[in-house]
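# Structure assessment
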Amino acid sequence: MVEERIREVFAGVGAEGLLHAVPIGGESGREGVTVGMRSGTDEEAVGMRSGTDEEAVGTRSAADEVAVDADEPVVIASIFKVLLVLEFARQVAAGQLDPRERVRVTAADRLGGWGTAGCADDVELSLRDLAFFAISVSDNSAADLLLAQVGLDTVRLLAEELRLDGTRIVGGPRDVLQSMLTEVGARDEREFALHYPALPDERKRRMSVLDPSRTNASTPREITRLLRLVWRDEAGPPDACAQVRELMARQVFRHRLVSGFPDEVTIAAKTGTLPGLHMEAGVVRYPDGSRYAVSVFARTRELAASRPAVDAAIGAAARIAVDFLRRHGT
C-alpha cells in the first residue's frame, strides 16, 4: 500500500511523515470562477467552481490522491509566506499597492537568516523584491515588512476566502520570533542563542512555535488545496496567481522535494523549517504537462534544524506519491 511505503521511508530516518498529493488538472485560468476581490455574491467566491460539491471541498476518490494523515494539524512555518505573497500579488493586481514602492530594511528589521534578514547594512528595495526574497530564500525580514504592507487581518481573510478552514494565521516572522524569546526568557536573539541550547529537550518541545494549536498552522490537505487554486488561477486574478507561481519556481533550496525527482521534472515550491520540523509544499510538473500538488511535513524527536536524511526522505516520499498518482490516477 502506497501510504505504508511512505510511512516506512520516514520511519527509516527516525521521523514521522504527513503527506498529501493530488493532481492539479486543467489549464491555468481555464476552469472555475476567478474573482480577485472580496466583493460580489457568494457564488463568485474564490475557489468555488461549477463542479460538484465534492470537487469544491477537495474530496476525491482514493485513486485521485495520496493521503498520509493529511487532515492532521501541522505547523507551517515559512510555508505561510505563500499566502502572504499571494495576498500581496492580489493587492497589486487590484491597484491597491504599487509593487515598485521602495522600502528600507534597517538593523531594527533584521530577524536573522537569509537575504536582507542577514545583511550587515541597511538595504533599500521594492515591495516586489521583498516578495521575491520572502519566497526565494525565505527571507524573514522581507516577509515581515511585506506583511506590514498587506496587513495581517487581510491574510487571515484570504485564508477564509479560499476556504482553508483548518488554517490558522497568528502572526508573521517577528511574532514567531518574539514568542520564542519570551518563552526562553531572552531579551534579544543574542541572549536566545545563549539560553536555548541549555534548555532540556522536553522544555523545547513545549514551545508554542512547535504547537499547531498556538502558531501558524494548517493541514497537508489544505496546503495542496491552496497550491491547486493558485495553479488553476482560482486563488485570485490570473496575474496574481502567475506571480506566485513564478516566485515559487525561483526558490533556491533544492534539498527536499527536488531531491526525489529526475532533472526533467520541474518543481516550484516553498520550504519551512523549525527545530524538529522539516517541510516543503510545491507543484511537480512533468514534461508531458501533468502537474501534482504535494505537501510533506516531517517531525523528528531530535530537535535539529538540519537533517539531510530527513530532507531526502521528503523527496523520496513525494516521488512515491506522485508515481502512484501517475500510474493509478484518473
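Residues numbered from 1 in each chain as written. Predicted model: local features only at pLDDT ≥ 70, side-chain atom pairs only at ≥ 80, totals over all residues. Heavy atoms only, no water.

## Remarks on the overall build of the protein
When you go through the protein residue by residue, the secondary structure sums to 12 helices and 9 strands. In the protein, which comprises 330 residues, the share counted as buried stands at 54%. Here the analysis covers contacts within the protein between residues at least 6 apart in sequence; of these, 72% occur between residues at least 24 apart. Accessible surface, the protein as shown: approximately 14,300 Å² in total, 50% of it carbon and sulfur. (Helix = DSSP H or I, 4+ residues; strand = E, 2+ residues; numbered from the N terminus. Buried < 20%, exposed > 50% of the residue type's maximum accessible area, 1.4 Å probe, protein only. Contact = heavy atoms within 4.5 Å. Areas by Shrake-Rupley, 256 points an atom, 1.4 Å probe, with all protein chains shown as cover.)

## Focus: the packing of helix α3 (residues 80–93) against helix α5 (residues 140–150)
Where α3 contacts α5, the two axes come as close as 10 Å, and the packing angle between them is 45°. Between α3 and α5, the interaxial angle falls into the category oblique. With respect to the hand of their crossing, α3 and α5 are arranged in left-handed fashion. The residues of α5 that touch α3, namely those facing Phe-80, Lys-81, Leu-84, Val-85, Glu-87, Phe-88 and Gln-91, are Asn-140, Ala-143, Leu-146, Leu-147, Gln-149 and Val-150. (Axes fitted to C-alpha atoms, helices over the stretch in contact; angles between N-to-C directions. Parallel < 35°, antiparallel > 145°, perpendicular 65-115°, else oblique. Left-handed = near helix turned anticlockwise from the far one by under 90°.)

## Here's the deal with the sheet that holds strand β8 (residues 277–285)
The strand order across the open sheet formed by 5 strands is β2-β1-β9-β8-β7, and the pairing between neighbours is antiparallel. At either end of the open sheet lies a strand with only one pairing partner, and these are β2 (66–68) and β7 (266–274). On average, adjacent strands in this sheet sit at an angle of 15° to one another, irrespective of strand direction. In the sheet, strand β1 (residues 15–23) pairs with β2 via 3 bridges, with the strands oriented antiparallel. Considered in β2, the bridge of His-20 is made with Ala-67. Packing against the sheet, helix α11 (residues 238–249) makes contact with β7 and β8, and its axis sits at approximately 75° to β7. (Pairing = 2+ DSSP bridges.)

## Structural notes on the pairing of β1
Among the 9 residues of β1, 8 are classified as buried, and the element is accordingly described as predominantly covered. Both β1 and strand β9 (residues 291–300) contribute to a ladder of 9 bridges, which runs antiparallel. Along β9, the bridge assignment pairs Leu-18 with Phe-297.

## Remarks on the packing of aromatic side chains
Pairs of aromatic rings are described using the distance from one ring centre to the other and the angle between the two planes. According to the stated counting rule, one finds 4 aromatic pairs in the structure shown. Considering the side-chain rings of Trp-114 and Phe-253, the 5.3 Å spacing of their centres and the 75° angle between planes classify their relative orientation as edge-to-face. Here Trp-114, found in the loop between β4 (102–105) and β5 (123–126), pairs with Phe-253, found in the loop between α11 and β7; they are 139 residues apart in sequence, far enough to count as distant. On the accessibility criterion, Phe-253 (15% relative accessible area) is buried. Ring geometry for Phe-192 and Tyr-196: centres 5.1 Å apart, planes at 20°, overall stacked. (Phe/Tyr/Trp six-rings, centres within 6.5 Å; stacked < 30°, edge-to-face > 60°.)

## Considering the packing of α3 against α11
Two elements in contact, α3 and α11, have axes whose closest approach is 8 Å; the angle formed by their N-to-C orientations is 140°. Between α3 and α11, the angle is such that the two are oblique. Crossing geometry of α3 relative to α11 is assigned as right-handed. Facing Val-82, Val-85, Leu-86, Phe-88, Ala-89, Arg-90 and Ala-93 of α3, the residues of α11 in contact are Ala-240, Gln-243, Val-244, Leu-247 and Met-248. Considered class by class, the residues forming the contact of α3 with α11 number 10 nonpolar, 1 polar and 1 charged. (Nonpolar A, V, L, I, M, F, W, Y, C, P; charged D, E, K, R; others polar.)

## Re unusual backbone geometry
Within the chain, Ala-77 stands out as a residue other than glycine whose phi angle is a positive 45°. Overall, the relative accessible area of 18% leaves Ala-77 in the buried class.

## Things to note about the nonpolar core
Among the nonpolar cores identified, the biggest contains 71 residues, and Leu-83, Leu-130 and Leu-162 are the most heavily contacted of them. The element best represented in this core is α3, accounting for 8 residues. Those residues in contact with Leu-83, other than ones at most four positions away along the chain, are Val-155, Leu-158, Ala-159, Leu-162, Leu-164, Thr-167, Ile-169 and Leu-226. (Core = buried A, V, L, I, M, F, W, Y, C linked by side-chain atoms within 4.5 Å.)

## Re the pattern of salt bridges
Taken as a whole and judged by the stated rule, the model has 27 salt bridges. Close ionic contact of Glu-202 with Arg-205 constitutes a salt bridge, the shortest N to O distance being 2.7 Å. With Glu-202 and Arg-205 both in helix α9 (residues 201–205) and 3 residues apart, this pair spans about one turn of that helix. Judged by relative accessible area, Glu-202 falls into the partly exposed class, the value being 42%. Exposure remark for Arg-205: the relative accessible area of 23% places this residue in the partly exposed category. (Salt bridge = Lys/Arg side-chain N within 4 Å of Asp/Glu carboxyl O.)

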